[in-house]
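# Structural features, examined
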Amino acid sequence: PLGLRTLGQLGLKDAGFTTGGFKPAHFPLVAAWRGDRVYLADGGGLGVIDAADPRQPRLLVRDRWPQPAIDVTVSGEELDVLRAGSQPAVVRYRLDGSGLPAPIGIWTLPAGHHPAAIARSGVNVLITQHERGWQTVPPTDFSPLSAN
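Reference entry: report on the structure contained in this document. Note that this is a predicted model, so its numbers are computed, not measured.

### Topic: the packing of aromatic side chains
Enumeration according to the criterion identifies zero aromatic pairs in this entry. Note that Arg-83 overlies the ring of Trp-65, its terminal NZ or CZ placed 5.4 Å from the centroid. Over the ring of Phe-142 we find Arg-92; its NZ or CZ atom is 4.3 Å from the centre of that ring.

In structure tokens, the structure reads:
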């Protein structure tokens, strides 16, 4: 036995099962960790958690703009969030010195596409799709967004 024990817990309203078209809809909980920050993709969009003290994790930011988010990846000072739903897209963020994200770009998938996961390969984003295999998206294909 591993002897696992709970160090801390953080309730997240939009994670897991929620109301929706699939009755109930299930949104995954996918996380990427960098330093003391955990970047979380779930039904509520992108969450940033301060995990400096694992006994008392704190939700720092909830960006609902990429809602619902189904995957997240961190590469250097950039964070990519895969958004599902009727307008699937990859939203790119730049991380500031404290690890907080600011949206800087978006790449929208064509109508009828159903993304499953993303990964980074250098500067490119790899996207897997349920019916269409995978594709690579270079940074030049992202439309710029202004950070608020």
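### Things to note about the environment of Ile-49
With respect to the element layout, Ile-49 can be found in strand S5 (residues 45-50). What makes Ile-49 buried here is its relative accessible area of 9%. Between the alpha carbons of Ile-49 and Leu-10 there is a distance of 9.1 Å; along the sequence they are 39 residues apart. Setting aside its immediate chain neighbours within four residues, Ile-49 contacts Leu-10, Asp-36, Arg-37, Val-38, Leu-40, Pro-57, Arg-58, Leu-59 and Leu-60.

So, how was this worked out
Residues numbered from 1 in each chain as written. Predicted model: local features only at pLDDT ≥ 70, side-chain atom pairs only at ≥ 80, totals over all residues. Heavy atoms only, no water. Phe/Tyr/Trp six-rings, centres within 6.5 Å; stacked < 30°, edge-to-face > 60°. Lys NZ or Arg CZ within 6 Å of the ring centre and 35° of its normal. Helix = DSSP H or I, 4+ residues; strand = E, 2+ residues; numbered from the N terminus. Buried < 20%, exposed > 50% of the residue type's maximum accessible area, 1.4 Å probe, protein only. Contact = heavy atoms within 4.5 Å.

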